[in-house]
Structures are given as C-alpha cells and as structure tokens.
Amino acid sequence: MLSNEEARDRLASHPLPANPWVQASDNAILIHAEYTDTIERMLRWVPKTRWSARRRCWIVPLSGLELVRSILPELCRLAEAMQDTPVAPEAVAPEGSGDTLDETEARHLFRDAARLLYGSDWQRDTARALGREEAALARWLLGEGVMEAPPATLLAEMLALMQRRAVNITNAADALARRMERAGQADRAPAGAVGS
C-alpha cells in the first residue's frame, strides 16, 4: 500500500479521470455509490475503507489509490447503475454554429445517449450492440484509453442505434394502438351482436 504522501504525489502527476462518481481529496478517495456487497468486496483489500451512511458514499484511504484506479471503470458503472433516472442527452450545438465536438464532449454525448437507450446496464448492452469490447469502451469513456475507432465513428454508430430503436418503438406503438383500438371496438359491441 502507498503512504498518503506517495498517493498525493501520484495524484498530482496522474490524477483520476474527471467523473461524477469517484473523486480524490487530500485525505481520501470518495466513491459516490450506495452500499452494496459487490463494492465492499472490490474494496476489501484497502484497510480502513468504510461506507458513510451520513454522506452516502464510500471513503477509501489514499493508500488504496492504485486499487481504485485499477477498478475505476467498474466502480463508475456500478455507481451510475444505482441512479434512478437516465439523463437525457445534452443538447448538440445548432448546425452551422462552427462548434466542433472535442473528445470530452463526444464521451458525454455518447454516455448520455447510451444510458437513455439501455438504462442502468448501458455499458454492457451498448458494447454488445456495437460489437465493441466493454472494458475498452469503459476506459475510453473515462478518458483513460483510446478506442479502435475515432469518437465521430462511435457517435455515428450510437446515432444509428438510436434511430433504429426509435423506428422500432414507433412501429410497436402503432401496432399496440391499432390492437387497442380493435379491442376497444369489440368491447363496445352489444352483447347480443356476437354470433347473431
């Protein structure tokens, strides 16, 4: 295990990727996730790790920095899966505005769209739908890895997934509406009309 001073030096030279679930302070690493046995098992190797019911987060001593770094994609996936409501995708700049997407914005757009499509287990389902490796996709989303495809390609694949899903949902909704309409007509028919 690292000393606190060694951990601070490593964080200064190689900080944890920015994300809403795991942050390092001068004294500890905070993991904003509910208590689960899964996270407890993942962190059991770091002495004095505890879950704070008051703060609703895990508090990991700085000595556990490298363990947290090694399991960061899974910690973030679990923390995000505990959120109640998917986040709607962020607004894209209007056409012709001259704005271009940087990689950070591309990751946010991709993550928000995937969560809207697949809910709490979006990383696994998105990777499967795109035929990509889940761990590599998770590292790219955290800003720690490079995907085999550029962000523009990944966003285009996500857009295609969303468009297919929208068409499928629209078709299913239309079919359901037609069926309900037919059932409603049958329910309104006079009782003696059947078989007469």
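Predicted model, so just to flag it, every value in this text is computed and none were measured.

(A) Quick look at the confidence of the model for the chain. Chain-level statistics for the chain give a pLDDT mean of 81 and a share of 85% at 70 or above. Confidence over residues 86-98 falls short of pLDDT 50; this stretch has 15 contacts with residues more than four positions distant or in other chains.

(B) Expanded view of the nonpolar core. Core analysis: the biggest nonpolar cluster contains 25 residues, and Val22, Ile29, Ile31, Leu43 and Leu75 have the highest contact counts within it. Contributing elements (two or more residues each) for this core: helix H1 (4-13), strand E2 (28-31), helix H2 (37-43), strand E4 (57-61), helix H3 (65-70) and helix H4 (72-81). Looking at which element gives the most residues to this core, the answer is H4, with five residues. If sequence neighbours within four positions are ignored, isoleucine 29 has contacts with Leu16, Val22, Gln23, Ala24, Trp58, Ile59, Val60, Pro61, Leu62, Gly64, Leu65 and Val68. Counting residues in hydrophobic clusters, the runner-up holds 20 residues, among them Ala106, Leu109, Leu130 and Met147.

(C) Representation of the sheet that holds E2 in the model. One open sheet holds the four strands; their spatial order is E1-E2-E4-E3, and the pairing between them is antiparallel. The open sheet is flanked by strand E1 (22-24) and strand E3 (50-52), the only strands paired with a single partner. Across the sheet, the mean angle from the axis of one strand to that of its neighbour is 25°, orientation sign disregarded. With four bridges joining them, E2 and E4 adopt antiparallel strand pairing. Residue isoleucine 29 lies in a different strand from E4, and its bridge partner there is valine 60.

(D) Main features of the pattern of salt bridges. With the rule as written, the count across this model stands at nine salt bridges. With a closest N to O distance of 3.5 Å, arginine 8 and glutamate 5 form a salt bridge. Here arginine 8 pairs with glutamate 5, and both are found in helix H1, just three residues apart, close to one helical turn. Of the charged contacts, one joins arginine 56 and glutamate 34 as a salt bridge, the two residues approaching to 2.4 Å between their closest N and O atoms. Of the two residues, arginine 56 sits in the loop between E3 and E4 while glutamate 34 sits in the loop between E2 and H2, which places them 22 residues apart along the sequence. The partly exposed category is assigned to arginine 56, whose relative accessible area is 41%. Put simply, Arg10, Glu66 and Arg69 are held in one network by salt bridges that share partners.

What counts, and at which threshold
The residue numbers shown here count from 1 along each chain, following its written sequence. This being a predicted model, a pLDDT of at least 70 is required before a residue's local features are given, and a value of 80 or more before pairs of side-chain atoms are given or counted; all residues contribute to the totals for chains, interfaces and linings. Only hydrogens and water are removed before side-chain values are computed, so all heavy atoms of the structure are retained for them. Each residue gets a pLDDT score, which is the predictor's confidence in that residue and runs from 0 to 100. In what follows, a contact means two residues having at least one pair of non-hydrogen atoms within 4.5 Å. Residues enter a nonpolar core if they are buried and are Ala, Val, Leu, Ile, Met, Phe, Trp, Tyr or Cys, with the set joined through side-chain atoms within 4.5 Å. Only protein chains enter the area calculation, which uses a 1.4 Å probe; residues under 20% of their type maximum are buried, those over 50% are exposed, and those in between are partly exposed. Labels follow the DSSP assignment, with helices taken as runs of H or I lasting at least four residues and strands as runs of E lasting at least two, numbered in each case from the N terminus. Should DSSP find at least two bridges between two strands, the strands are regarded as paired. Note on geometry: axes are lines fitted to C-alpha atoms, helical ones only across the stretch in contact, with angles between N-to-C directions running from 0 to 180 degrees. Any carboxyl oxygen of Asp or Glu within 4 Å of a side-chain nitrogen of Lys or Arg constitutes a salt bridge here.

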